[in-house]
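Given next are the chains, with one letter for each unit.
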Amino acid sequence: MWSGQPHPDEGHPPPLEAVPVSWKSVGSCRSLREPPGGLAETPAGEEAPGQEGPAAAQLDVSRLRSSSMEIREKGSEFLKEELHKAQKELKLKDEECERLSKVREQLEQELEELTASLFEEAHKMVREANMKQAASEKQLKEARGKIDMLQAEVTALKTLVITSTPASPNRELHPQLLSPTKAGPRKGHLRHKSTSSTLCPAVCPAAGHILTPDKEGKEVDTTLFAEFQAWRESPTWDKNSPFLERVYREDVGPCLDFTMQELSALVRAAVEDNTLTIEPVASQTPPTVKVAAVEYGSTNTCALSGLARVCRHRIRLGDSESHYYISPSSRARITAVCNFFTYIRYIQQGLVRQDAEPMFWEITRLRKEMSLAKLGFFPQEA
């Protein structure tokens, strides 16, 4: 009975342990293994069945070892092939990523160039538009200045022509009517004075000149002229300035002080904001307009004074669709104040290019119109 256990070699699995059994049992097991025909003959050179345990185990281990080595070699070859494939795919993906990154960089560069060109073109268009606008505004300002100068000259000429009548001829237009002492020697052609000198003969004493009355008997009020000069140096709409405060107190306020106080305040605000519209009664709203304008009063009652008067005009305040019928007297008062504010705006905008003295006399004339209008004097064509 072989009961001993051999020591396992290095690198080899230990053999299976032998279980001690009796010879009888071994014989019985052997008899069971044998074919039914009897005991098989043992070939020569082979060990007995009871003595082949260690050799067979060692042979199985070597077979397992060789098979595991083959499996390992095949597994390593398969892994190498998979690694090689993965490396090739990774290389292809890297090349694709590099190509896409180059495309992205090219697109970003083109986008930046396009954006820069668009901004440059936009700035160029804005500069050109600003230059054109500045040139247009300059031309408009010059044109308005010329128009204002021409209107002033026409007004002066009309004044000279109107004042020359058969009953009271203008001696400046007809020098032959002057006495010999006043006419003086007449040698050669006469030299006519300018319109501004005939209208404004007085000079401010602050400039070092002496005030002298002209031939019409006008003379500059030094206090009023000083207030106007102080305002002209910095023209604003501040009602607290001495010049505008006086005009509002003495002319504008009384001229726009109507019986209907609430409507008078609205009219005054619209005149100051330059949003008042005066329309003839004949220009009715066309029938195609969907929303009819609300009209207050009638053609026989003035909405400002409340008196029974023939109203040939109506006013509209700002963007409102409401109309108010006004009498010729009320229209003359509103028109006089509007003319004064219009001239003040021209001075403030720098459109009146005259000396302080002609501007002062024009303002005085406009104040005179307001004074006459508030007293009830108005032209018949109104």
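Residues take numbers from 1 onward in each chain, read along the sequence in its written order. Predicted model: local features are reported for residues with pLDDT of at least 70 only, side-chain atom pairs are reported and counted for 80 or more only, and whole-chain, interface and lining totals are derived from all residues. To get the side-chain values, all heavy atoms of the structure are used, and hydrogens and water are removed first.

Take the overall build of the protein next. A tally of regular secondary structure across the protein gives 9 helices and 4 strands. Numbering of helices and strands runs from the N terminus; a helix is a DSSP stretch of H or I covering at least four residues, while a strand is a stretch of E covering at least two. Scanning the protein from its N terminus toward the C terminus, one meets helices and strands in the order α-α-α-α-α-α-α-β-β-β-β-α-α. Three exposure classes are used, based on accessible area relative to the maximum for each residue type with a 1.4 Å probe and protein chains only: buried under 20%, partly exposed in between, and exposed over 50%. Counting the 382 residues in the protein, one finds 21% classified as buried. The contact criterion used throughout is that any non-hydrogen atoms of two residues lie within 4.5 Å. When contacts within the protein are restricted to residue pairs at least 6 apart in sequence, long-range pairs at least 24 apart make up 62% of them. Of the roughly 28,100 Å² that the protein leaves accessible, carbon and sulfur atoms contribute 57%. Here, Shrake-Rupley sampling with a 1.4 Å probe gives the accessible areas, and only protein chains in the shown set may cover a residue.

As a further point, take the packing of aromatic side chains. Think of it this way: a Phe, Tyr or Trp ring, Trp meaning its six-membered ring, pairs with another when their centres are within 6.5 Å, and the plane angle makes it stacked under 30 degrees, edge-to-face over 60, tilted otherwise. Per the counting criterion, the structure on display carries 9 aromatic pairs. Measuring from ring centre to ring centre gives 6.0 Å for F228 and F360, while their planes differ by 50°; the resulting arrangement is tilted. Of the two residues, F228 sits in helix α5 (residues 222-233) while F360 sits in helix α9 (residues 356-374), which places them 132 residues apart along the sequence. Judged by relative accessible area, which is 0%, F228 ranks as buried.

The next subject is a nonpolar patch on the surface. Patches draw on residues past 30% relative accessible area with no salt bridge. Two like charges within 9 Å are joined, as are two nonpolar side chains (Val, Leu, Ile, Met, Phe, Trp, Tyr) within 5 Å. Here, a salt bridge means any side-chain nitrogen of Lys or Arg that lies within 4 Å of a carboxyl oxygen of Asp or Glu. A cluster of nonpolar side chains, L372, L375 and F377, forms an exposed patch at the surface whose accessible area comes to about 330 Å². With respect to the helices and strands, L372 occurs in helix α9.

To continue, consider the state of the cysteines. The rule for a disulfide is simple: a pair of cysteine sulfur atoms within 2.5 Å. Going through the model one piece at a time under the given rule, you end up with 0 disulfides. Of all cysteine sulfurs in the structure, the one in C338 sits closest to C255, which takes part in no disulfide; the separation is 9.7 Å. Given the relative accessible area of 0%, C255 is considered buried. Note on C311: no disulfide assigned, nearest cysteine sulfur contributed by C302 at a separation of 5.3 Å.

Angular values range over 0 to 180 degrees, each being the angle between N-to-C directions of two axes fitted as lines to C-alpha atoms, with helices fitted over their stretch in contact. Axis separation between α5 and helix α6 (residues 242-255) bottoms out at 7 Å; the angle between their running directions is 120°. As judged from the angle between their axes, α5 and α6 are oblique. Residues T223, L224, E227, F228 and W231 of α5 form the contact with α6, whose participating residues are P242, F243, L244 and R246. Ten residue types, Ala, Val, Leu, Ile, Met, Phe, Trp, Tyr, Cys and Pro, are classed as nonpolar, four, Asp, Glu, Lys and Arg, as charged, and the remainder, Gly among them, as polar. Split into classes, the residues belonging to the contact of α5 with α6 amount to 6 nonpolar, 1 polar and 2 charged. With respect to orientation, any angle under 35 degrees is reported as roughly parallel, any angle over 145 as roughly antiparallel, any angle of 65 to 115 as roughly perpendicular, and every other angle as oblique.

Nine residue types can take part in a nonpolar core, namely buried Ala, Val, Leu, Ile, Met, Phe, Trp, Tyr and Cys, and a core is a set of them joined through side-chain atoms within 4.5 Å. F228, V252, I334 and F340 are the most contacted members of the largest nonpolar core, which has 44 residues in total. When neighbours within four sequence positions are excluded, F340 is seen to be in contact with V247, V252, I363, L366 and M370.

What follows deals with a negative patch on the surface. On the surface, E70, E73, E77, E81, E82 and E89 cluster together to form a negatively charged patch. On the secondary structure map, E82 appears in helix α2 (residues 53-162). Owing to a relative accessible area of 35%, E82 belongs among the partly exposed residues under this scheme. Positive charge is attributed to Lys and Arg, negative charge to Asp and Glu, and no charge count is given to His or to the chain ends. Here the site of a charge means NZ on Lys, CZ on Arg, CG on Asp, or CD on Glu.

Excluding glycine, a negative phi dihedral is what most residues carry, and trans is how most peptide bonds are arranged. Within the chain, N274 stands out as a residue other than glycine whose phi angle is a positive 60°. Looking at the secondary structure, you find N274 in the loop between α7 (261-273) and β1 (276-280). The exposure class of N274 is exposed, given its relative accessible area of 52%.

Take α7 next. Residues spaced three or four apart along an α-helix face the same direction, because each turn holds 3.6 residues. Take the residue count of a helix, subtract one, and multiply by 1.5 Å to get its expected span. The terminal C-alpha atoms of α7, which comprises 13 residues, lie 18 Å apart, in line with the 18 Å expected from a rise of 1.5 Å per residue. Every buried residue of α7 is accounted for by L263, S264, V267, A270 and V271. Buried residues in α7, looked at end-on, bunch into an arc of 125°, giving them a common side. What points out from α7, more than 90 degrees from its buried face, is the exposed set Q261, E262 and D273. The arc in question is traced by the directions running from the helix axis to the C-beta atoms.

If you trace the backbone, E279 turns up in strand β1. Throughout this description, a polar contact denotes any pair of N or O atoms lying within 3.5 Å of each other; where both atoms belong to protein, one of them has to be capable of donating a hydrogen while the other can accept it, and for residues adjacent in sequence the pair is counted only when both atoms sit in side chains. Looking at E279, its side chain comes within polar contact range of the side chain of H323, at 3.5 Å. Not counting the four nearest positions on each side in its chain, E279 is found in contact with R312, H313, R314, R316 and H323.

Attention now goes to the pairing of strand β3 (residues 313-317). Side chains on a regular strand alternate between the two faces of the sheet. With 5 of its 5 residues buried, β3 lies for the most part within the structure. At least two bridges found by DSSP between two strands is the condition for calling them paired. Between β3 and strand β4 (residues 323-326), which follow one another and run antiparallel, lie 5 residues, and G318 among them has a positive phi close to 65°.

Mapped onto the secondary structure, R246 falls in helix α6. By relative accessible area, which is 19% here, R246 ends up buried. Every residue in contact with R246, bar those within four places of it in the chain, is listed here: T223, L224, E227, D251 and R367.

What follows concerns the environment of S234. By secondary structure assignment, the location of S234 is in the loop between α5 and α6. It is 8.3 Å that separates the C-alpha atoms of S234 and Q348, two residues lying 114 residues apart in sequence.

In short, geometric facts, not functional conclusions.
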